[in-house]
Amino acid sequence: MLHPTKIDISEEKRIALISVLQGTLTEAIDLKLQSKQAHWNVRGPHFIALHELFDQVAGIVEGFVDELAERMTTLGGVANGTIGYVAEQTNLPAYSVELVSGKDHVEALSGSIAAFGKLVRENIDKAAELGDADTEDLLTEVSRGIDQQLWFVEAHIHAES
Ligand SMILES: [Fe+2]
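Residues numbered from 1 in each chain as written. Predicted model: local features only at pLDDT ≥ 70, side-chain atom pairs only at ≥ 80, totals over all residues. Heavy atoms only, no water.

### Observations regarding the overall build of the protein chain
Working step 1: When its secondary structure is counted, the protein chain shows 5 helices and 0 strands.
Working step 2: Each helix and strand of the protein chain, ordered N terminal to C terminal, gives the series α-α-α-α-α.
Working step 3: Expected size for 161 residues packed as a compact globule is a radius of gyration near 15 Å; at 17 Å, the protein chain falls within 12% of this value.
Working step 4: Overall, the C-alpha framework of the protein chain stretches about 55 × 30 × 20 Å when taken along its three principal axes.
Working step 5: Residues classed as buried in the protein chain amount to 42% of the 161 residues present.
Working step 6: The long-range fraction of contacts in the protein chain, counting pairs at least 24 apart against all pairs at least 6 apart in sequence, stands at 78%.
Working step 7: Put simply, the protein chain shows about 8,500 Å² of open surface, and 53% of that area lies on carbon and sulfur atoms.
Working step 8: Considering the protein chain, the positive charge centre built from 12 side chains and the negative charge centre built from 26 side chains are found 1 Å apart. (Helix = DSSP H or I, 4+ residues; strand = E, 2+ residues; numbered from the N terminus. Rg over C-alpha atoms; globule rule 2.2 N^0.38 Å. Buried < 20%, exposed > 50% of the residue type's maximum accessible area, 1.4 Å probe, protein only. Contact = heavy atoms within 4.5 Å. Areas by Shrake-Rupley, 256 points an atom, 1.4 Å probe, with all protein chains shown as cover. Lys, Arg positive; Asp, Glu negative; His and termini not counted. Charge placed at Lys NZ, Arg CZ, Asp CG, Glu CD.)

Here it is, written out as structure tokens:
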């Protein structure tokens, strides 16, 4: 379903762009919740650094969630962000609720961040093919930001080894 808009992007392209954005939004919501899972439950010698880092990841991803959803509605689309929809549609690795140590949370969360980063990079190309420089720019911003968060989280793995 598309809402009417005077934006100068064809309906056909908007439908395709909204689909690309929805796939990104779905995984971003999952990643935000996974980051909070890590933030709340991590324990161990690096507790405070990881507790704060995981909350930083959650906050940055939450910002992306809002920008992605609002690009969808700008294009006349509907942004599906309910937990039920996300649980059904996400392709991120499932986050174990059994994890405790910093090493295990870093390993799990960096895997999900990297998987999300891969999807975003693929979707940059799709937005470019559809000729929407604004969606491409938004996804590029998300990609650059998420790669940086991957660096921050992965640096902890290397520090511990
Ligand atoms: Fe908190």
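Next, the rest of the story.
### Considerations on the packing of helix α2 (residues 47-74) against helix α4 (residues 102-129)
Working step 1: Contact geometry for α2 and α4: axes closest at 12 Å, N-to-C directions at 15°. Regarding the angle of α2 to α4, the classification is roughly parallel. By crossing handedness, the relation of α2 to α4 is classed as left-handed. For the pair formed by α2 and α4, the contact residues are L50, F54 and V57 on the first element and G102, H105, V106, L109 and I113 on the second.
Working step 2: Residues belonging to the contact of α2 with α4 are distributed by class as follows: 6 nonpolar, 2 polar and no charged. (Axes fitted to C-alpha atoms, helices over the stretch in contact; angles between N-to-C directions. Parallel < 35°, antiparallel > 145°, perpendicular 65-115°, else oblique. Left-handed = near helix turned anticlockwise from the far one by under 90°. Nonpolar A, V, L, I, M, F, W, Y, C, P; charged D, E, K, R; others polar.)

### Some thoughts on the nonpolar core
Working step 1: Core analysis: the largest hydrophobic core is formed by 40 residues, its most contacted members being L31, F54, L68, I113, F116 and L139.
Working step 2: If you list the elements that add at least two residues to this core, you get α1 (11-41), α2, α4 and α5 (133-160).
Working step 3: The greatest single-element share of this core, amounting to 10 residues, is contributed by α2.
Working step 4: Apart from the residues lying within four places of it in its own chain, the contact partners of F54 are S35, A38, H39, V42, H105, V106, L109 and V153. (Core = buried A, V, L, I, M, F, W, Y, C linked by side-chain atoms within 4.5 Å.)

### Overview of the packing of α1 against α4
Working step 1: The geometry of α1 relative to α4 is characterised by a closest axis approach of 10 Å and an angle of 165° between their N-to-C directions. Of the possible angle classes, the one that applies to α1 and α4 is roughly antiparallel. Helix-helix and strand crossings are classified by hand; for α1 and α4 the assignment is left-handed. Residues L17, V20, G23, T24, E27, A28, L31, Q34, S35, Q37, A38 and N41 of α1 touch α4, and the partners they reach there are H105, L109, S112, I113, A115, F116, L119, V120, N123, K126 and A127.

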